[in-house]
Structure formats: structure tokens, C-alpha cells
Amino acid sequence: MLYCALTSDLSESVSRNPFREWKACRHRLLWRDESVSAEPISTSAKSFRETSALDAKSRMKSAKEQTTDSGIPVDVYYLSTPPASESDSGFQPGSFPFTRGVYPTMYRERVWTMRQYSGFGSAEETNERFRYLLQQGQTGLSVAFDLPTQLGLDADNIRAKGEVGKVGVPINTIDDMRTLLKDIPLDQVSTSMTINSTASTILAMYIAVAQERGVSPDLLRGTVQNDVLKEYIARNTYIYPPRASMRLCTDLIDYCAKSVPRWYSISISGYHIREAGANAIQELAFTFANAIEYVRTCTDRGMVVDSFAPRLSFFFACQNDFFEEVAKFRAARRIWGKIMKERFKAQNKESWMMRFHTQTSGESLTAKQPLNNVVRVTLQALAAVFGGTQSLHTNSFDEALCLPTEEAVKVALRTQQILAFESGVVKTVDPLGGSYYVEYLTDEMEKRVSEEIKKIDGMGGALAAIEAGYMQGEIRRSAYDSKLRQDKGEKTVVGVNKFADKEAPSFRVHRVDVRAEEKQLQKLRAFKSSRDQDKANEALQKLKTTASTKENLMPPMLDAVKAGATNGEISNVLRDVYGEYRPRIPF
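Enquirer: Provide a residue-level description of the overall build of the protein, including the pertinent values.
Expert: In terms of regular secondary structure, the protein is built from 22 helices and 13 strands. Per-residue burial for the protein yields a buried fraction of 58% across its 587 residues. For the protein, the share of sequence-separated contacts (at least 6 apart) that also reach a separation of at least 24 residues comes to 78%. As presented, the protein carries roughly 24,800 Å² of accessible surface, and 52% of it is formed by carbon and sulfur atoms.

Enquirer: Quick one: what's the story with unusual backbone geometry, residue by residue and with numbers?
Expert: The linkage connecting Phe96 with the following residue, Pro97, adopts the cis geometry, with an omega of 5 degrees. Inspection of the secondary structure puts Pro97 in the loop between β4 (73-74) and β5 (113-118). The phi dihedral of Phe98 is positive, around 70 degrees, even though this residue is not glycine. Exposure remark for Phe98: the relative accessible area of 0% places this residue in the buried category.

Enquirer: How would you sum up the environment of Asp218? Please name residues and give values.
Expert: Mapped onto the elements, Asp218 comes out in the loop between α6 (199-212) and β8 (222-224). On the basis of relative accessible area, Asp218 is assigned to the partly exposed category, the value being 39%. Expressed as a C-alpha distance, the spacing of Asp218 and Ser259, which sit 41 residues apart in the sequence, is 6.4 Å. If near-sequence neighbours (up to four positions away) are discounted, Asp218 is found in contact with Ser259, Pro261 and Arg262. A polar contact is formed between the side chain of Asp218 and the side chain of Ser216, at a distance of 2.7 Å.

Enquirer: Mind laying out the packing of aromatic side chains, listing which residues take part and the relevant values?
Expert: Scanning the model with the defined rule gives 21 aromatic pairs in all. The interplanar angle of 85 degrees and the centroid separation of 6.2 Å between the aromatic rings of Phe96 and Phe98 together place this pair among those described as edge-to-face. Among the residues examined, Phe96 registers a relative accessible area of 21% and is labelled partly exposed. Aromatic rings pair up to connect Phe288, Phe314, Phe316, Phe329, Trp336 and Phe356 into one cluster. Here Arg100 stacks its cationic end above the ring of Phe91, 4.7 Å away from the centre of that ring. Sitting above the plane of the Tyr264 ring, Arg311 keeps its charged end 3.9 Å from the centroid.

The rules behind these values
- Residues numbered from 1 in each chain as written.
- Predicted model: local features only at pLDDT ≥ 70, side-chain atom pairs only at ≥ 80, totals over all residues.
- Heavy atoms only, no water.
- Helix = DSSP H or I, 4+ residues; strand = E, 2+ residues; numbered from the N terminus.
- Buried < 20%, exposed > 50% of the residue type's maximum accessible area, 1.4 Å probe, protein only.
- Contact = heavy atoms within 4.5 Å.
- Areas by Shrake-Rupley, 256 points an atom, 1.4 Å probe, with all protein chains shown as cover.
- Polar contact = N/O pair within 3.5 Å; in protein donor to acceptor, adjacent residues only side chain to side chain.
- Phe/Tyr/Trp six-rings, centres within 6.5 Å; stacked < 30°, edge-to-face > 60°.
- Lys NZ or Arg CZ within 6 Å of the ring centre and 35° of its normal.

This is the structure in C-alpha cells:
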């Protein structure tokens, strides 16, 4: 039988005044199992916890005083006796291994960045949507690129026909980037760019435009996804073979560490792995296996781990199993902290901290009864916030039908704003910490993810596992099993296999301008005809020569985009050097 005992000694750790001390006494519950002898906390452990609490208290002086709507004081965080897995940590937010959060006060000081993923039609239309979202209270930009841009194909390439501007914005030239970023204060707004195989080219264009405006690269804030390994696992917008892609990826990381220090040079992504069919355990395990590969590759080329690790970031999905998702995020911070501290011997606390962006699940949205998606997105967003995300994208309810309408985008953004400013969830850190169920799930998630990482290590690491088709096969099996469960009715999807309507209501859908592709072709032709062709050719030749050496490719790439070389031309030069990847498809 389980019972709880009130403990007044722990209340001293964060009390602010006599009333709060009494409240803390009531809330700090020591959970014990009667089958285990209730031994006193050891002197050393108690001393450690008291010291940690005092340190935490001093760090938290700037935290805003918070109360409930009824006037009840709300502490920065609440503490029961730490679970066994946290017996040495003090179980405090902002302290290694960061299970409860990477910052001591989390959202009390500053809520997460609200970053809605946008891009469609043309650079002009996308810029208009960006400025609309900023006017509505969005606090960061997130750029969706069309498939040709992601695959290093300009609009005039035959393989791009019919895809230009369809699922994102086409960026062929530095002039497109100028238009995309028109009237955006690049020294004030952080920008996330979901781009991988052509990440170096797109970042070079972004830096070049900033320099034209007098904004130094060391002032730029944002993220470039640059996670090429997951392209071979799940997303499939790869161009070059994996080892050549790793060279481009680590060149970018190295360059940013030295020249764009406030930029997150990679966003290691579990999102696409999860959306492709992986479960939560596989999402974390495969993502961290990839992350280990990136860190190892960087250190093998002589980079000091603490020179780049603080600017590594992560990107995860959030699906419908609420408590599992909360536990997943908590476990992820703990796992990554241990990997960096114990495996890679990082010394800087910033290197141990896992900062991540979350996007609600597009895969979980339904075309039938699409308004139900508002509820799904809200549930998923709340789990991400309880899990301690640093930034969040909430999907629009109509995304199973089309690119989001302006109305749907506003509802998605307002969902975040209501959570942040009306719900009260930002008042205390890790409010589910100490829950029997959540702590159990957190520990189980850590255990099972660690076992899977060990398995991949035994194969020679992520790169070897990808080349063998291991992760791809596991995801396909997981996706197939999930679909079978849905088809059998074992997994309920409201409005689809239960509580379905006989007639589908009509909704206004967003349609991309059918003239977008022709307009982009005209812009591209005009750009090419007006540039200095000799200068562009010279820059491309310099890039090709450098690609055959071990020199960093970012400087000649930056020179190439400034000389007028296009995304497609730069990619073709690298294709000539590295070739193109052809996948293995096991099942």
C-alpha cells in the first residue's frame, strides 16, 4: 500500500514567506511504499539537496510572483522526494540532468517561442503571410520550402515541373531570399528554416541578405534543420550519398560555431521519423543515435565538443497519448544530458542542455470532421508545454485538406496564446513532476530508448544502421502495425472509424495560385539574364575545386550565392563531385 507523509523540512528549500512556507509544507509530499523501510534521508543526500535548493533559490530571485485566479500563491516548482532516478540531482529544473526543464524558472519569465511553419506559392506571398503572423503576435518565423528547393532543383529543371510553390516557398536565387525577407528585422526576429540537403546554400543566401542590410552574421538568430541523416530514414529529400551529406552538414556546424555564433546550426529531428510511423521510443532512440553520429563526426575532425554542442537543437513531434508525450520530453532531456556529459565528456553546462522545438502531429489530423483537429492540436500543444518545449508550432485544423487558410492559421496561433496567457500552465515549472504515472513513464522511456541506442551502437552507429536499412525497416513495421490496429478498431480515431458522419461538411480550402510556377520561371530567367555570368561561373568552379578538398565549403558557397549562382547550379556542382544517392528499400 502506498501512503504519503507531510514533510516540513523540504518546505524550507523554496519558501518565500510564512504563508508560502505553510503552503510548501502541504505540497511537498514524501511518497513511500510500506514494503520498504522508511529510512531517514542520508546526511550527504540531504546536504546535497539543501545546497542545491539554496543554489536554485538564488538563481530564481528574478522569477515573477504568481498566484492562481483566486489569489493562492504559486511557487516556482514543487518537490516531493525525488524518484530513485533523480536521487542525486535534487530534482530541480535548470539542474543536470534537466528532467524538469533546462531553465530554473521556465515559462514564468518567458513563454515558449510561437513559431508557425509557413511557405507557399511565391516569396512575395510567403513574406505577406510572415508579416501577418508577426502582426498577430507570432514571435518567430518558420520557413517551409517547396520540394524543388529542398532537392536542389531550380524552377526551370524538368524534374521541378508541377511542384514549384506547392508545399512551400521556391527559393532559387539570392533575389528570392531578398523578397522573402522584405521588411523582416533580421537582427530582431529568429528564423527557423526546414531545409536539409541544400541547407548550406539556403543559409548562405540568408547570411548574404543580412550582410546587404548591414546586419552582421554574429547578430543573426535562428535555426537551420541541416539534419541529413533523418532524410535517409524518413523524409527522403536527400541528394548526395550519406557520407558526402555528413561532410556538408558538419562544415555548416563548424562555420556557424566560428562565424554565426547565435545560430543553431542543426535541428536534429525526430518529427519526421515519428510522422513516418515510428513510436515514441523509436523517435527518441533514432534521433539521439543520429545526434551521436553528428557529434562524433564533428569531434573526429578536431572540433572541441563545447565549441559547438551548446548550439545543437532538437525537433520532436507531439501526438495524442498525452502522458506518454509529456514523459517522452522529460526523458529526452535526461538522456541527452547524460550522453553529452558522460559519453562525450562535455564540460560546459550549456552542452548538456537539450533545447527543442515541437510541432503538433500532422499525421494525426483527419480530413473527416476536420474541426476535431482543433481539439487534437490543443491536447498535443498542452503536452508539449507540460514537457517543457522551447518553441512550438501548432498545426491548422485544415492541414489534412490543404495548405492552411489564413483563418485556420490564426486559430492555431490563438491556441498557443490561450495556453500561454489564459490557462495558467506557465505559472509553475513541470507541474506533472512527481506524478506516479509520469515518473514511471519517464523512467521506462529512458530505459527503453537507451536499450535501442545501445543496439544501434552495436551496429557501428547511426550511419552504418542507415546504410544497412535498419531504422527504415523498423519504422515501416511500426507504421504498418499502427494502421492494422486502426483498421481493426483497436485504435480509435474519432470521426473516422468511430462516430463518423454520413455526409462530409464543406470547407473553404486554400489553393496555391496556379500562375505561381510561371511567375517563378519568369523571375529566374530575368535574374540569370541580368547577372555577371563569368563571375557566377568562376565562383561555381571555385566551389567545385573546394569540394574535392577537406576545406570548409561554406565560404565558397557564400561567395557563389553573392556572385549570382542559383540553388540548382550549386547543387549540380556538388552532384558532379559526390554523385546522387539511390536508396535501399527493405520491408
